[in-house]
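One letter stands for each residue in the lines below.
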Amino acid sequence: GGVVTAMLDESCGMAVQLALDGRRAIATLDLRIDYQKPATPGLDIKAHAVCYRVTRSIAFVRATAYQESEDEPVATATACFMAGANRTNMLRDKPRDYRVPPPLDAPEDPTGLFANSPFARCLGIRIGADGVPVMPFSERIIGNPILPAIHGGMTGAFLETTAIVSLTRELGVARPPKPIGLTINYLRSGRALDTYARASVVKQGRRVVAFEAQAWQDDPAKPIASAFGHFMLRSAPGADEE
């Protein structure tokens, strides 16, 4: 799910830049994703985003992620972006002179929570010494290279990954829950720092769990993003599943 989240956020941002003059920095204010069906392994995922309204400071976008046909989406999204989020000029200002981005991979841990998630391992997500998930900073996850700021899609993917892992542990279920819908609110720019996150159950039903999550950097009282959404609980391996 985090891969689709990151792709939809990027696609929405590209649509906004095309609708604007291309000079103003933009920032995601909120992003809502509804997962329609699982992606078929082995097939590319495509995205189509449309910026359907622009005001003086806000742009509104719709997007679809699909594989073979846009009429059968993997996920749909709606988002709001702030235009002119800071004073940088995306065409004139030069990004910082970064060295070649280093690989960002979680330490080898075949029994760890992320052993079976190549995407989470690629982002370097791991459990910190205090039991809190952490996504280490790397040039690879920068969205705005001038500030620099972490890509909103990476923050959203981290929040979703944290929610899945945290709820799996808290509920003691045999299989990770399946994402249904996710809404991310971006509160401030993610800086060139490690990012931490936590998630908790808001309400648990027989089949659906409501959750909330927060991500922060140097101060838990100043989150950079929050999320809420729903997961569907899945049957244990070998059991009948609807």
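Since the model is a prediction, treat every value here as computed from it, not as a measurement. (Residues numbered from 1 in each chain as written. Predicted model: local features only at pLDDT ≥ 70, side-chain atom pairs only at ≥ 80, totals over all residues. Heavy atoms only, no water.)

Q: Quick one: what's the story with the layout of surface pockets, residue by residue and with numbers?
A: One number sums up the size of the largest pocket: a volume of about 1,100 Å³. Looking at the largest pocket, it is lined by 33 residues, and the ones nearest its centre are Gly-1, Gly-2, Ile-164, Pro-179 and Arg-234. Sorting the residues of the lining of the largest pocket by element identifies α1 (2–19), α2 (118–122), α3 (152–171) and β9 (178–186) as the ones contributing at least two each. With six residues, the single largest contributor to the lining of the largest pocket is α3. Estimated volume of the second largest pocket: approximately 750 Å³. Lining the second largest pocket are 31 residues, with Ile-26, Ala-27, Thr-28, Asn-144 and Gly-152 sitting closest to its centre. Those elements giving two or more residues to the lining of the second largest pocket turn out to be α1, β1 (26–35), β4 (75–83), β7 (142–144), β8 (149–150) and α3. Looking at side-chain class alone, the lining of the second largest pocket contains 16 nonpolar, 12 polar and three charged residues. (1 Å grid on protein atoms, 1.4 Å probe; cavity = no way out; pocket = protein on both sides within 12 Å on 5 of 7 lines; lining within 4 Å. Points joined across faces, edges and corners; volume = space filled by probe spheres on them. Helix = DSSP H or I, 4+ residues; strand = E, 2+ residues; numbered from the N terminus. Nonpolar A, V, L, I, M, F, W, Y, C, P; charged D, E, K, R; others polar.)

Q: Break down the pattern of salt bridges for me, with residues and values.
A: According to the stated counting rule, one finds three salt bridges in the structure shown. Linking Lys-37 and Glu-72 is a salt bridge whose minimum nitrogen-to-oxygen distance equals 3.6 Å. On the criterion of sequence distance, the pair formed by Lys-37 in the loop between β1 and β2 (46–54) and Glu-72 in the loop between β3 (58–66) and β4 is long-range, its members being 35 residues apart. (Salt bridge = Lys/Arg side-chain N within 4 Å of Asp/Glu carboxyl O.)

Q: Break down the environment of Thr-195 for me, with residues and values.
A: Position of Thr-195 relative to the elements: it lies in strand β10 (residues 195–204). Between the C-alpha atom of Thr-195 and that of Pro-136, which follows or precedes it by 59 residues, the distance is 6.3 Å. Side-chain polar atoms of Thr-195 contact the side chain of Gln-217, separated by 3.3 Å. (Polar contact = N/O pair within 3.5 Å; in protein donor to acceptor, adjacent residues only side chain to side chain.)

Q: I'd like a rundown of the sheet that holds β9, residues and numbers included.
A: One open sheet accounts for 10 strands, arranged β2-β3-β4-β1-β9-β12-β11-β10-β6-β5; its pairing is antiparallel. One side of each edge strand has no neighbouring strand; the edge strands of this open sheet are β2 and β5 (126–127). Examined bridge by bridge, β2 and β3 share eight bridges and lie antiparallel to one another. Residue pairing across strands places Arg-53 opposite Phe-60, the latter belonging to β3. Strands β1, β2, β3, β4 and β9 of the sheet are contacted by α1, whose axis makes an angle of about 45 degrees with β2. Contacting β1, β6 (133–135), β9, β10, β11 (208–216) and β12 (225–232), α3 runs over the sheet at an angle of about 50 degrees to β10. (Pairing = 2+ DSSP bridges. Contact = heavy atoms within 4.5 Å. Axes fitted to C-alpha atoms, helices over the stretch in contact; angles between N-to-C directions.)

Q: Please set out the packing of aromatic side chains residue by residue, giving values where relevant.
A: Inspection of the entire model under this criterion finds three aromatic pairs. Each ring, one from Tyr-196 and one from Trp-216, has its centre 6.2 Å from the other, and the planes form 25 degrees; the classification is stacked. One end of the pair, Tyr-196, is in strand β10; the other, Trp-216, is in strand β11, and 20 residues separate them in sequence. Summarising the aromatic geometry, the rings of Phe-211 and Phe-231 are spaced 4.4 Å apart at their centres and angled 20 degrees between planes, so their arrangement reads as stacked. Taken together, the residues span a long stretch of sequence, with Phe-211 in strand β11 and Phe-231 in strand β12 at a distance of 20 residues. Judged by relative accessible area, which is 2%, Phe-211 ranks as buried. The ring centre of Tyr-52 lies 3.8 Å from the NZ or CZ of Arg-62, which sits over that ring. Across from the ring centre of Trp-216, 4.7 Å away, lies the NZ or CZ of Arg-198, which sits over that ring. (Phe/Tyr/Trp six-rings, centres within 6.5 Å; stacked < 30°, edge-to-face > 60°. Buried < 20%, exposed > 50% of the residue type's maximum accessible area, 1.4 Å probe, protein only. Lys NZ or Arg CZ within 6 Å of the ring centre and 35° of its normal.)

Q: Describe the pairing of β10, with residues and values.
A: Sheet topology note: the β6/β10 ladder contains two bridges and is antiparallel. The residue of β10 that forms the bridge with Met-135 is Thr-195. One ladder, built from eight bridges, connects β10 with β11; its direction is antiparallel. The partner of Tyr-196 across the bridge, within β11, is Trp-216. Between β10 and β11, which pair antiparallel one after the other, the connecting turn spans three residues.

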